[in-house]
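Geometric and topological summary
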Amino acid sequence: MWHEEIVNPTKIIQGNFTEPSSLFVTSNGDIYIDDGDKNGRVQKWMVETSTFITVMKVNSSCYGLFVDINDTLYCSMFEYHQVVKRSLIDAVMPSYPVAAGTGIRGSASNQFSGPFGICVDVNLDLYVADCGNNRVQLFQSGESNGITVAGNASRNPTTTLRCPSGVVLDAEKYLYIVDQFNSRIIGSSFYGFRCLVGCYEAGSQSNQLRNPFSFSFDHSGNIFVTDHRNDRIQKFLLMKDSIAVSFNKPKFCPTAKWNPNGITFADRSVIGEDPRAIFVSTNNTIYVTNQKDTTVLIWYEESANPSKIISGNFIESLSIFVTSNGDIYIDDGDKNGRVQKWSAETNNFIIVMHVNASCWGLFVDINDTLYCSMSFHNQVLKRSLNDPMMTLNRVAVGTGIRGSASNQLSHPFGIFVDVNLDLYVSDCLNDRVQLFQLEELNGITVAGITSRNPTIALRSPTGIILDADKSLFIVDSYNHRIVGSSVNGFRCLVGCDGVGSQSNQLYRPCGLSFDRSGNMFVIDSVNDRIQKFEYFEESCGMLKLIE
């Protein structure tokens, strides 16, 4: 036992249990320990008397233990494909009722295949990590048939599991799961599931796990994981701003409208010829690269002229991304073979990624992984910014061979990674937008005539953004417009009056970003300008921002 902030154990309790697989501690300090494999029992160490007593007779190990708010003890019996329970209020230890599972291995809604960790909420609903079926099952109070709430067979599948072994609920009933054979911890939220820790393949580095078995939170939200195959317990600190993203994610209604006549925010005299990259942060700071002057132009909110100009030695930068701490990532791949970062803390540029071509899209996800869209190599590469070794670029998607198959790309441009770590790619010369779900190498066409529900034809899409509802906003470059999706399908938003240089027209736009008010900033590349299209608030009522 470690008391808070203590480095070494403050108390060690000797017992005669053998190879325990689970542990549970009640609010009064009593400790329940699995001792089923050799001794056929669950023991309780009583804090009042400092002695052990037997509280449940079992005929196999309990791979999960839980005591609910009614003092009912649950045991997850991996070898018997059941969860059994008994009331601790009853002094007699008879045969125990089955909480869930038939005792016969299977994948039906009332069956298990090797259940592991369990959790019972205040409604007495039972959650079970059903390892062999690669799913988490919810058994509502009194029900013998479970509902798959995580895994491929769930009603809304958003993640793939491999032998989940632990499950915890937070105060909002969001799920946190030990995804054992994927060597990671995942969690659900308003947006669906995403990887939390162990997101860099199995291993023994500080950002890796190898077959974790169980985990628990402390009161500060830090995660403690039993990293089984690495023979260690890892503590992962909660980052208070970890859910905050650096860009605006407005929540628009299906009838949202923008003024079709744009205002020129900046022209050639300020941003140079053939502008390519723009980023608007959550504090309404606007970042633009001037390719010819090799500068980053920065406008603070409501500023008409650049508030700050950063000079660098990058050449013909095609993309930019800014993180929530103000660090600026800039493409410098064409001539110099690198991605640079301007550090807000030191006001210096450093190299953060080596590449062998321009990055036509850059993105830093919530796990500090940097993505580079390599148009001429028909791939998207990535590397963890937490790894000091810059040689470890990995292929995120794309075979490197130009093609239109589901695992191929043809000159990818803009990219976007959501909080589930799903990757969206503007697959320019295939005239489509591809969605690559986490760890999947085959993409799903979500926009374009080859999509499952084709509602719009694209011509060389170059940029993509998702809003808070995961609606798509696409720079449809060779159709000279911005299109957006909603529950009603796709529609043209701005640039809907043909190619040109008028205020209601665009000419090969290549980038897009929103400010906090929902206004749209578009890089109008051939017209050498940035156009601002004002959001009509009355079209939706109050705009909501999800940060």
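What you see is a predicted model; the values in this text were computed from it and never measured.

Looking at the pairing of strand β32 (residues 369-374)
Counting buried positions along β32 gives six out of six residues, so the element sits mostly inside the fold. Burial of the side chains of β32 extends over both faces: T369, Y371 and S373 are buried on one face and L370, C372 and M374 on the other. Judged from the four bridges that link them, strand β31 (residues 361-364) and β32 form a sheet pairing that is antiparallel. Within β32, the residue paired with L362 across the bridge is C372. Looking at chain direction, β32 and strand β33 (residues 379-384) are connected through six bridges and run antiparallel. Bridge assignment links C372 to a residue of β33, and that residue is L381.

Considering empty space enclosed by the protein
It is a probe the size of a water molecule, rolled over the atoms, that shows where empty space is left. Taken as a whole, this structure holds three cavities of 30 Å³ or more when the rule is applied. A volume near 450 Å³ is recorded for the largest cavity. As for the largest cavity, its lining consists of 28 residues, of which I278, I320, L362, I415 and L512 are closest to the centre. Listed by contribution, the elements that provide at least two residues to the lining of the largest cavity are β23 (278-280), β27 (320-322), β31, β35 (412-417), β39 (461-466) and β43 (509-514). If one sorts the elements of the lining of the largest cavity by residue count, β43 sits on top with five residues.

A closer look at the environment of P275
Mapped onto the elements, P275 comes out in the loop between α2 (268-271) and β23. For P275, a relative accessible area of 1% gives the class buried. Considered as a pair, P275 and D293 are 18 residues apart in the sequence and their alpha carbons are 11 Å apart. Excluding residues within four positions of it along the chain, P275 makes contact with Q291, C510, I523, S525, D528 and R529.

Criteria and cut-off values
Throughout this description, residue numbers start from 1 for each chain and increase along the sequence as written. Only residues with pLDDT of at least 70 get local features here, since the model is predicted, and only at 80 or more are side-chain atom pairs given and counted; chain-wide, interface and lining totals rely on the full set of residues. Here the side-chain values reflect all heavy atoms present in the structure, with hydrogen atoms and water set aside. Accessible area is worked out with a 1.4 Å probe on protein chains only. A residue is then buried under 20% of its type maximum, exposed over 50%, and partly exposed in between. A run of DSSP states H or I qualifies as a helix once it reaches four residues; a run of E qualifies as a strand once it reaches two. Both are numbered from the N-terminal end. Criterion used throughout: strands pair if DSSP finds at least two bridges between them. A cavity here means a set of points on a 1 Å grid, drawn over the protein atoms and nothing else, where a 1.4 Å probe fits but cannot get out; a pocket is an open set with protein on both sides within 12 Å along at least five of seven lines, and a residue lines either one if it has an atom within 4 Å of a point. Grid points are joined across faces, edges and corners, and a volume is the space filled by probe spheres set on the points. Every residue pair with non-hydrogen atoms within 4.5 Å of one another is taken to be in contact.

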